[in-house]
Amino acid sequence: MNYKKNLIVLSILSAATSAYANTSPELPLTKRDPLTFQQWHLQNTGQTGFSKSAGTVGQDLNVDFADRMGIKGRGITVSVIDTGVEISHPDLADNVVPGSRNLIDGSDYPLDNHGHGTSVAGLIAAVEGNNIGGRGVAPYANLVGFNYLDEQSMASWMVSHGLSEDFRALDRFTDPRVFNQSYGSTPASPRNGDLSNDPAAELEEAIMQDITLNSHWGRGAIYVKSAGNSFGYYNTYINGVKYLVLPYENKEFFNNQGLPFHDANITVDNASNWNLVVSALNADGKLASYSSVGSNIFLSAPGGEYGEDAPAMVTTDLTGCDKGMNRTGPHGNSLHGGTELDPECNYAGTMNGTSSAAPNTSGAIATVMSANPALDSRTIRHLLASTARKTDPTNPGVMLQFENAQGEMVSYDAIPSWQTNAAGYNFHYFYGLGAVNVDDAVFKALFTGVSLPKLQVTDWQKEVADIAIPDASLDGAVSAMQVDQDLTIEAVQLKVNIDHERVRDIAIELTSPSGTRSVVLSPRTGFLRGNEGGFTDALMLTHHFYGENSKGNWTIKVLDTDKGNSYTLIYNQSAGLIGYNNKNNELAGVLKDWSLKIYGH
């Protein structure tokens, strides 16, 4: 988009944008505060982020236009649901508004003993132009914080996720329109997604739906969720003991043929339509080494690597050199340890993870919302989807090679390269609809006057299949379903019941009436469960069909991709290595039934 051609048009908006001020900043973005010159996620000029290597120029959130227009989140409150937030931090305090809660003692100071939440808050809305530290993606936005990760009761969940103390939905201008959730779980077996059997999860879903659609006088709010950090391995607890879970194939540890070892779609809240799930990019615009992925990913955003060999995030840390990530002493990140740029260790250069991708997205959303506060939350999501950038455009996906039941080597397109669906939207299993592109979304928001039509959600439509899943075969079990509702798709949920003794072998595909093939579960996911029933009402979500039409013939295909040549290991120092699923299933699996729910307009 050529913004210069639109400057005359934008000048007409001067009255509307005067509240944001600062259309001609005296200094470039990267020179306005002492640490902004290393905040590559805002403007990537090839910085190192105080690490040993540099990123790639231009691989950032693209905020230059919004910055020059002074559109930076003013009037939008973001809730940081985390380990707490040091709301007195000198680079956060001016953006903190009433509403924070310590969920342990009931006070209004959400004590952060870890530092994670404070770093998250800084990425969203650290203050700009105060001559300390860096700045947030939305440096004019408001902040509130909750130490939910220290007190995870149902009551604490409700208060931190948008209900008042008497559990009524909030709808005032000062209440959050963005909820940042940089947390999650990594289950070691498929979860049951039938919410009718889980009253707490069913209530959470209902609350998120209500606040997404109905809060703020119908403008709604957006819940942002981190995808997880378990691409190559993960940790789990068995009888209270922590184990490392890792893949093993061809006598090689951590070999999963390039496939994600844990899928972001496995947790029920990550498969909720009301959570905007984000994967993480490094400073080269490629998938961060740890980032979980899946068909449920909506967008990708900067998360960085680990901050020593390659750039992580530069953001706020707990104040003082005796706590948080940045402490006194030598460190591989040159910002750390009490340096001339940060003598009191109030900032960190090692914040990373999808825990960073989520707040960068939350800050981006606050920025776009502030460009046109009248737009509802679904329209904001739509603007982000329609402007998302195809990052890492030559990524080939993953072609899985495996020995079939007849002893032949076959190839399976387990994760396709970038695909363009029938509605013209790009999608990749790693990156969702693409990388967050703030400037293009802001520009569209300025000239968008009408929100999307009212959301329509179909009832679950079920198809009984009872089809055998042949072992180690590309044939798979195939079943079709006719959908009569004529909707423009915003998201599709899939629920499956599958009997299988080695669920790690399973790949699941869904094909739309338009012919778009979405892998909703990649094979070789590191499940531990063996012969305990397979998938029971397992819930998954895909954004691959965004903008397509729902009416017509839908097809599911379930494949078994292994005859027992690979398996899963768990390890801890006391128990050593233990193998799981190291024998092939004796019986063929069965696709029992599957159901679809479609969200659209």
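Residues numbered from 1 in each chain as written. Predicted model: local features only at pLDDT ≥ 70, side-chain atom pairs only at ≥ 80, totals over all residues. Heavy atoms only, no water.

K.L.:
Quick question: what am I supposed to make of the overall build of the chain here?
P.N.:
On a plain count of helices and strands, the chain comes out with nine helices and 26 strands. Each principal axis of the C-alpha distribution contributes one length, and for the chain these read about 70 × 55 × 50 Å. A separation of at least 24 residues holds for 77% of the contacts in the chain among residues at least 6 apart in sequence. Summed over all atoms, the accessible surface of the chain reaches about 21900 Å², with 50% contributed by carbon and sulfur. One finds the centroid of the 40 positive side-chain charges in the chain at a distance of 4 Å from the centroid of its 64 negative side-chain charges. (Helix = DSSP H or I, 4+ residues; strand = E, 2+ residues; numbered from the N terminus. Contact = heavy atoms within 4.5 Å. Areas by Shrake-Rupley, 256 points an atom, 1.4 Å probe, with all protein chains shown as cover. Lys, Arg positive; Asp, Glu negative; His and termini not counted. Charge placed at Lys NZ, Arg CZ, Asp CG, Glu CD.)

K.L.:
Looking at this structure, I do not really get the sheet that holds strand E4 (residues 222-226). What am I missing?
P.N.:
Backbone hydrogen bonds hold the strands of a sheet together, and the pairing may be parallel or antiparallel. Pairing is parallel in the open sheet, where six strands are placed in the order E2-E1-E3-E4-E8-E9. Of all the strands in the sheet, the pair left with one neighbour each is strand E2 (142-146) and strand E9 (297-302). On average, each strand axis in the sheet is inclined to that of its neighbour by 30 degrees, with strand direction left out of account. Here strand E8 (residues 275-281) runs beside E9; their pairing, made up of five bridges, is parallel. (Pairing = 2+ DSSP bridges. Axes fitted to C-alpha atoms, helices over the stretch in contact; angles between N-to-C directions.)

K.L.:
Just to check I follow, could you spell out the sheet that holds strand E23 (residues 552-560) for this structure?
P.N.:
The four strands lie next to each other as E18-E23-E20-E21, forming an open sheet whose pairing is antiparallel. Each having just a single partner strand, strand E18 (473-483) and strand E21 (517-521) make up the two edges of the open sheet. Going across the sheet, the axis of each strand differs from the next one's by a mean of 25 degrees, ignoring polarity. Of the pairings in the sheet, the one linking strand E20 (residues 506-511) to E21 comprises four bridges and is antiparallel in character. Bridge pairing links Thr 511 to Arg 517 in E21.

K.L.:
Explanation requested: empty space enclosed by the protein in the structure shown.
P.N.:
Which parts of space are left empty comes out when a probe the size of a water molecule is rolled across the atoms. Under the defined criterion, the tally for this structure stands at seven cavities of 30 Å³ or more. Space inside the largest cavity adds up to approximately 130 Å³. Residue lining of the largest cavity: Thr 212, Asn 273, Trp 274, Phe 298, Arg 378, Arg 381, His 382, Leu 452, Leu 455, Glu 490, Tyr 546 and Tyr 599, and that is the complete set. Top contributing element to the lining of the largest cavity by residue count: helix H8 (residues 377-387), with three residues. The residue inventory of the lining of the largest cavity, partitioned by class, reads six nonpolar, three polar and three charged. Here the second largest cavity defines a volume of roughly 60 Å³. Contributing to the lining of the second largest cavity are 13 residues, with Ser 185, Ala 227, His 262, Asp 263 and Ala 264 lying nearest its centre. Of the residues belonging to the lining of the second largest cavity, the class tally is three nonpolar, nine polar and one charged. (1 Å grid on protein atoms, 1.4 Å probe; cavity = no way out; pocket = protein on both sides within 12 Å on 5 of 7 lines; lining within 4 Å. Points joined across faces, edges and corners; volume = space filled by probe spheres on them. Nonpolar A, V, L, I, M, F, W, Y, C, P; charged D, E, K, R; others polar.)

K.L.:
What's the story with a nonpolar patch on the surface in this structure? I'm lost.
P.N.:
On the surface, Tyr 233, Phe 253, Phe 254, Tyr 306, Tyr 571 and Leu 577 cluster together to form a nonpolar patch covering roughly 640 Å² of accessible area. Tracing the backbone shows Leu 577 in strand E25 (residues 576-580). The class of Leu 577 is partly exposed, set by a relative accessible area of 46%. (Patch = residues over 30% accessible without salt bridge, like charges linked within 9 Å, V, L, I, M, F, W, Y side chains within 5 Å. Salt bridge = Lys/Arg side-chain N within 4 Å of Asp/Glu carboxyl O. Buried < 20%, exposed > 50% of the residue type's maximum accessible area, 1.4 Å probe, protein only.)

K.L.:
What is the right way to look at the environment of Ala 280 in this model?
P.N.:
For Ala 280, the location among the structural elements is in strand E8. Along the primary structure Ala 280 and Asn 360 are separated by 80 residues, whereas in three dimensions their C-alpha atoms are 9.9 Å apart. Excluding residues that lie within four positions of it along the chain, Ala 280 makes contacts with Lys 286, Leu 287, Ala 288, Tyr 290, Ser 291, Ala 301, Gly 303, Gly 353, Thr 354 and Ala 357.

K.L.:
Sorry, what's going on with the nonpolar core here?
P.N.:
Side chains that are nonpolar tend, in soluble globular proteins, to be buried together. With 64 residues, the main nonpolar core has Ile 365, Val 368, Ile 380, Leu 384, Val 436, Val 438 and Val 442 as its most contacted residues. With eight residues, the top contributor of residues to this core is helix H7 (residues 354-371). In contact with Val 442, other than residues within four places in its own chain, are Phe 65, Ala 66, Ile 71, Thr 367, Val 368 and Ala 371. Within the second largest apolar cluster, 30 residues are counted, among which are Ala 465, Leu 521, Ala 538 and Ile 598. (Core = buried A, V, L, I, M, F, W, Y, C linked by side-chain atoms within 4.5 Å.)

K.L.:
Help me understand unusual backbone geometry, please; the structure alone is not making it clear to me.
P.N.:
Across the chain, the bulk of peptide bonds are trans and the bulk of non-glycine residues have phi less than zero. Although it is not a glycine, Asp 466 adopts a positive phi angle of roughly 50 degrees. Position of Asp 466 relative to the elements: it lies in strand E17 (residues 461-469). For Asp 466, a relative accessible area of 54% corresponds to the exposed category.

K.L.:
For this particular structure, what's the right way to read the state of the cysteines?
P.N.:
As used in these notes, a disulfide is a covalent bond between sulfur atoms, one from each of two cysteines. Following the criterion strictly, the structure yields one disulfide and no others. Disulfide partner of Cys 321: Cys 345, at an S-S distance of 1.9 Å. Every disulfide takes its handedness from the sign of the S-S torsion; for Cys 321 and Cys 345 that torsion is 85 degrees, giving right-handed. Of this pair, Cys 321 sits in the loop between strand E10 (313-316) and strand E11 (347-351) while Cys 345 sits in the loop between E10 and E11, placing them 24 residues apart in sequence. For Cys 321, a relative accessible area of 22% puts it in the partly exposed group. (Disulfide = S-S within 2.5 Å.)

K.L.:
When you look at the confidence of the model for the chain in this model, what are you seeing that I'm missing?
P.N.:
Caution applies to low-pLDDT parts of the model: their predicted coordinates are not meant to be read in detail. Chain-level statistics for the chain give a pLDDT mean of 92 and a share of 93% at 70 or above. Taken together, the stretch residues 1-24 has pLDDT below 50 and engages in 35 contacts with residues farther than four places along the chain or on a different chain. (pLDDT = per-residue confidence, 0-100.)

K.L.:
Can you walk me through the packing of H8 against helix H9 (residues 438-446) in this structure?
P.N.:
The angle between the axes and the distance between the axes are what describe a pair of packed helices. Contact geometry of H8 with H9 gives a least axis separation of 9 Å together with a crossing angle of 130 degrees. As the angle between them shows, H8 and H9 are arranged oblique. Seen along the crossing, H8 lies across H9 with a hand that is right-handed. Of the residues in H9, those touching H8 at Leu 383, Leu 384, Ser 386 and Thr 387 are Asp 440, Ala 441, Lys 444 and Ala 445. Here the contact of H8 with H9 is composed, by residue class, of four nonpolar, two polar and two charged. (Parallel < 35°, antiparallel > 145°, perpendicular 65-115°, else oblique. Left-handed = near helix turned anticlockwise from the far one by under 90°.)

K.L.:
Explain the packing of aromatic side chains to me, please; I cannot follow it from the model alone.
P.N.:
We describe a pair of aromatic rings using the distance from one ring centre to the other and the angle between the two ring planes. For the structure on display, the rule yields 18 aromatic pairs. A ring pair is formed by Tyr 234 and Phe 261, whose centres lie 5.8 Å apart and whose planes are at 40 degrees; its orientation type is tilted. In this pair, Tyr 234 is assigned in strand E5 (residues 234-238) and Phe 261 in the loop between strand E7 (252-253) and E8, connecting sequence segments 27 residues apart. Relative to Phe 253, the ring of Tyr 248 lies with its centre 5.1 Å away and its plane at 50 degrees, an arrangement referred to as tilted. (Phe/Tyr/Trp six-rings, centres within 6.5 Å; stacked < 30°, edge-to-face > 60°.)

K.L.:
How do you make sense of the pattern of salt bridges when you look at a structure like this?
P.N.:
Applying the stated criterion across every chain yields a total of 16 salt bridges. Linking Glu 128 and Arg 32 is a salt bridge whose minimum nitrogen-to-oxygen distance equals 2.8 Å. Of the two residues, Glu 128 is situated in the loop between helix H4 (116-125) and E2 and Arg 32 in the loop between helix H2 (14-17) and helix H3 (64-69); the sequence distance between them amounts to 96 residues. Glu 128 sits in the buried class, given a relative accessible area of 13%. Residue classification places Arg 32 among the buried positions, given a relative accessible area of 12%. Through salt bridges with shared partners, a single network forms among Arg 32, Asp 67, Lys 72, Glu 128 and Arg 135.

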